[in-house]
Amino acid sequence: MAKNKNKNDVIQGSGNVFADLGLPNADERQTKVRLAFALNQIIQKGHLSQAAAAKAFNVNRQKISALANYRLEGFSVDRLMQFLKLIQ
């Protein structure tokens, strides 16, 4: 049987889960996620299909699928910022 953890053992995070996990480029990763979240919200609120979003961003639909699923390795912060400028 597993031991119960003491409720006082909770450690407050830094506000950056990537840094808390010790991942490299934590600030860049967090920035990408925040930008991707904003883009995905705009796409959803605008009722854009992946095909329509791909056309607006001048990328293929697979890139939009990656963005929608937060697979952000293929995106730079600058590119995500450019997408925001294009869609607003």
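In case you missed it, the structure is sitting above this.
These numbers were taken from a predicted model, which means no experiment stands behind them.

1. Considering the layout of surface pockets
So, point 1. Taken as a whole, the largest pocket encloses approximately 220 Å³ of empty space.
So, point 2. Every residue along the wall of the largest pocket is listed here: Phe-18, Asn-25, Glu-28, Arg-29, Lys-32, Val-33, Tyr-70, Leu-72 and Glu-73.
So, point 3. Sorting elements by how many residues they give to the lining of the largest pocket places helix H2 (residues 26–45) first, with four residues.
So, point 4. Here the lining of the largest pocket is built from residues that sort into four nonpolar, one polar and four charged.

2. As for the packing of aromatic side chains
So, point 1. Summed over the entire model, instances satisfying the criterion amount to two aromatic pairs.
So, point 2. Seen from their ring centres, Phe-57 and Phe-83 are 4.5 Å apart, and the 10° between their planes marks the pair as stacked. Taken together, the positions of Phe-57 in helix H3 (residues 50–57) and Phe-83 in helix H5 (residues 77–87) put the pair 26 residues apart, joining distant regions of the chain.
So, point 3. Geometrically, the ring pair formed by Phe-75 and Phe-83 is edge-to-face, given 6.1 Å between the ring centres and 75° between the ring planes. With respect to class, Phe-75 is no different from Phe-83; both count as buried.
So, point 4. These aromatic residues form a ring-pair network of at least three members: Phe-57, Phe-75 and Phe-83.
So, point 5. The ring of Phe-75 is capped by Lys-63, whose NZ or CZ atom sits 4.9 Å from the centre of that ring.

Cut-offs applied
Every chain is numbered independently, its residues counted from 1 as its sequence is written. Note on the predicted model: pLDDT of at least 70 is required for a residue's local features to be given, and 80 or more for side-chain atom pairs to be given and counted; whole-chain, interface and lining totals, by contrast, use all residues. Derived side-chain values reflect all non-hydrogen atoms in the structure, with water molecules and hydrogen atoms excluded from consideration. Here a cavity denotes a set of grid points, spaced 1 Å apart and computed over the protein atoms alone, in which a 1.4 Å probe fits but from which it cannot get out, and a pocket denotes an open set meeting protein on both sides within 12 Å along at least five of seven lines; residues with an atom within 4 Å of a point are reported as lining. Grid points are joined across faces, edges and corners, and a volume is the space filled by probe spheres set on the points. A run of H or I in DSSP counts as a helix once it spans at least four residues, and a run of E counts as a strand once it spans at least two, with each numbered from the N terminus. Note on residue categories: nonpolar means Ala, Val, Leu, Ile, Met, Phe, Trp, Tyr, Cys or Pro, charged means Asp, Glu, Lys or Arg, and polar means any other residue, Gly included. What counts as a ring pair is set by centres within 6.5 Å for rings of Phe, Tyr and Trp (its six-membered ring), and what kind of pair is set by the plane angle: stacked under 30 degrees, edge-to-face over 60, tilted for all other angles. Relative accessibility under 20% of the residue-type maximum defines a buried residue, over 50% an exposed one, and the middle range a partly exposed one, all with a 1.4 Å probe and only protein chains included. Comment: the charge-over-ring label is applied if NZ (Lys) or CZ (Arg) is within 6 Å of the ring centre and within 35 degrees of the ring normal.

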